Amino acid sequence: MTEPASVTLGVDLASQPKRTATWLIRWDLGSARVESLSLGATDRDLHELFRRADKIGIDAPFGWPAPFTRAVAAYSAETVWPSAEVPRLRFRRTDAFVREKLGRWPLSVSTDLIAVPAMRGARLLAEAAATGESIDRSGGGRFVEVYPAAALHVWGFPSRGYKRAKGAAVRARLVGDLKDRTADWLTLSEEDWAQCTASDDLLDALVAALVARAAALSRCEPIPPGDEELAKEEGWIALPQTRSLEQLP
């Protein structure tokens, strides 16, 4: 391989295939082009795409808050509930880091519906591990946890109100801005861009592929000293640096 992550995969992981979107992007000599995109990816489809990628960004939590998993285990075994504060049961250290940086909380993997895609993600990572893949939930291996809305915020794009049908107008402006800012190096067809405008799932998957590239190039915020071991247990969101978008090609 002549450069880091010559192929990146972005996955907007839903609990079911119907809304699971993917983008596979090849990077070469200062440019990037789409190799494939899909909406409706099954687990089998995803494992096939994993084999084709050098770095994989998945929009789903890679783990649960450590105090939460310990509390549930203690309660299940001995009907004991530890004295951990409720926010620490709801949010991981990486969630608090994103809150400190951006002023917004990610969804709680222990108390919100995002737990269901997280379960699917855990199964996919476990299946990859069973084939010999080294899984580092802190992002040190091929797989990295991403949060597209946070990445959009960091890069200066609208990051709220772009989802579903009611967000169509915001999403159209967002896609137009992203197209303009990547025009010098990202080659997508008009149909590709139109699909991002039509589907926030495909848009998030594209952003996930871009963040995977940023992670491969060490253009994401580093894990703070002392949090490394917890990140390997709970997972860690790859938060791109402010000017990293222009540094991807």
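Structural data are supplied above this passage.
In this report, the structure presented in the accompanying data block is examined.

1. Overview of the overall build of the protein chain
Next up, step 1: Helices and strands together make up the secondary structure of the protein chain, namely 10 helices and six strands.
Next up, step 2: Relative to its length of 249 residues, the protein chain is compact, with a C-alpha radius of gyration of 18 Å against a globular reference of 18 Å.
Next up, step 3: On the principal axes, the C-alpha backbone points of the protein chain span a range of 60 × 40 × 35 Å.
Next up, step 4: Burial statistics for the protein chain: of 249 residues in total, 49% are counted as buried.

2. Focus: the sheet that holds strand β4 (residues 55-58)
Next up, step 1: Taking strand neighbours across the sheet as the criterion, the six strands line up as β5-β4-β1-β2-β3-β6 in an open arrangement whose pairing is mixed. Across the chains shown, the open sheet's two edge strands, defined by having one partner strand only, are β5 (143-145) and β6 (186-187).
Next up, step 2: Relative to strand β2 (residues 21-28), strand β1 (residues 7-12) runs antiparallel, the two being bridged by six bridges. In the strand pairing of β2, D12 is matched with A21.
Next up, step 3: Against the sheet, helix α1 (residues 43-52) engages β1, β2, β3 (31-39), β4 and β5, with an angle of about 155° to β1.
Next up, step 4: Here helix α8 (residues 190-198) sits on the sheet in contact with β2, β3 and β6, set at roughly 50° to β3.

3. A word on the packing of helix α7 (residues 168-181) against α8
Next up, step 1: Close contact between α7 and α8 brings their axes to 8 Å; oriented N to C, the two are set at 145°. In terms of crossing hand, the pair formed by α7 and α8 is right-handed. From α7, R171, A172, V175, L178 and K179 reach across to α8, where they touch E190, W193, C196, T197 and A198.
Next up, step 2: Residues of the contact of α7 with α8, tallied by class, amount to six nonpolar, one polar and three charged.

4. Remarks on the pairing of β2
Next up, step 1: In terms of residue burial, β2 counts as a mostly covered element, since six of its eight residues are buried.
Next up, step 2: Examined bridge by bridge, β2 and β3 share eight bridges and lie antiparallel to one another. Among the inter-strand pairings, R26 is bridged to a residue of β3, identified as R33.
Next up, step 3: Adjacent in sequence and paired antiparallel, β2 and β3 are bridged by two residues, among which L29 carries a positive phi angle near 50°.

Thresholds, definitions, all that
- Residues numbered from 1 in each chain as written.
- Predicted model: local features only at pLDDT ≥ 70, side-chain atom pairs only at ≥ 80, totals over all residues.
- Heavy atoms only, no water.
- Helix = DSSP H or I, 4+ residues; strand = E, 2+ residues; numbered from the N terminus.
- Rg over C-alpha atoms; globule rule 2.2 N^0.38 Å.
- Buried < 20%, exposed > 50% of the residue type's maximum accessible area, 1.4 Å probe, protein only.
- Pairing = 2+ DSSP bridges.
- Contact = heavy atoms within 4.5 Å.
- Axes fitted to C-alpha atoms, helices over the stretch in contact; angles between N-to-C directions.
- Left-handed = near helix turned anticlockwise from the far one by under 90°.
- Nonpolar A, V, L, I, M, F, W, Y, C, P; charged D, E, K, R; others polar.

All quantities given are derived from atomic positions and should not be read as evidence of function.
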